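Close look at the chain arrangement
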Amino acid sequence: MLSMSSSVSHGVGGGRGLVRTVANKKVRKDVRVSLTRDIPKLGQKSSVVTVRAGHWRNFLKPQGLATVVTAEMDAALVAEADAEAKVVAKTEAKEKVMAKVKSGGLQILSLGEEEK
């Protein structure tokens, strides 16, 4: 008769067990930062970029080149981008109307105020 024995170690007693869990997956750790100065090959001042955690910790943070983007800061940046997009849309609309006026396709009859 053959007898098979197996043992499982749960870390108590220091023995080696037959069941071993190994994590082979490497997790990429990135950090979103806002640049405080122009940095070649990375971005311009006040732009938000994603960098590796080690680059942030070892280079950008010690030299004061960037700050971590917090949730509040991210919300403010999104609101600022939305406001800027609205301004750009209005400007483009005005430019289209002015182009039609200049080409003669649209005539302005009244500006809203009558002269006396």
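Use the structure listed above.
Attention in this report is confined to the structure presented alongside it. Per-chain numbering applies: the sequence of each chain, read as written, is numbered from 1 onward. Given that this is a predicted model, residues contribute local features only at a pLDDT of at least 70 and side-chain atom pairs are listed and counted only at 80 or more, while totals for whole chains, interfaces and linings are drawn from all residues. To obtain the side-chain values, all non-hydrogen atoms of the structure were included, while hydrogens and water were left out.

Once the charged atoms of two side chains with opposite charge are near each other, the side chains can pair. Only one rule defines a salt bridge in this text: a Lys or Arg side-chain nitrogen within 4 Å of an Asp or Glu carboxyl oxygen. By the definition in use, this model includes two salt bridges. Of the charged contacts, one joins Asp30 and Arg52 as a salt bridge, the two residues approaching to 3.9 Å between their closest N and O atoms. Pair noted here: Asp30 is in strand S1 (residues 30–35) and Arg52 is in strand S2 (residues 48–52), with a separation of 22 residues, a long-range link. Only protein chains enter the accessibility calculation, which uses a 1.4 Å probe; a residue is then buried when its area is under 20% of its type maximum, exposed when over 50%, and partly exposed in between. For Asp30, a relative accessible area of 39% translates into the label partly exposed. Looking at Arg52, the relative accessible area reads 45%, which means it is partly exposed. Its salt-bridge partner being Asp74, residue Arg32 comes within 3.3 Å of it at the nearest N-O pair. Taken together, the positions of Arg32 in strand S1 and Asp74 in helix H2 (residues 71–103) put the pair 42 residues apart, joining distant regions of the chain. Here a strand is any run of E in DSSP of at least two residues, a helix any run of H or I of at least four, and the numbering for each starts at the N terminus.

So, about the pairing of S1. Bridging between S1 and S2 involves five bridges; their strand directions are antiparallel. Bridged to Val33 within S2 is Val49. Each pair of strands is called paired provided DSSP finds at least two bridges between the two strands. Sheet analysis places S1 next to strand S3 (residues 66–68), joined by three bridges and oriented antiparallel. Within S3, the position partnered with Leu35 by the bridge is Ala66.

Our next topic: the sheet that holds S2. Reading across from one edge, S2-S1-S3 is the order of the three strands in this open sheet, with antiparallel pairing throughout. With partners counted over all chains shown, the strands left at the sheet margins are S2 and S3, one partner each. Within this sheet the neighbouring strands show an average axis-to-axis angle of 45°, counted without direction. The strands touched by helix H1 (residues 53–60) are S1, S2 and S3; relative to S2, the strand with the most contacts, the crossing angle is about 100°. Every axis corresponds to a line fitted to the C-alpha atoms, with the helix fit spanning only the stretch in contact, and the corresponding angles, defined between N-to-C directions, vary from 0 to 180 degrees. The contact criterion used is simple: two residues touch if any of their non-hydrogen atoms lie within 4.5 Å.

Purely geometric stuff here, so don't read any function into it on its own.
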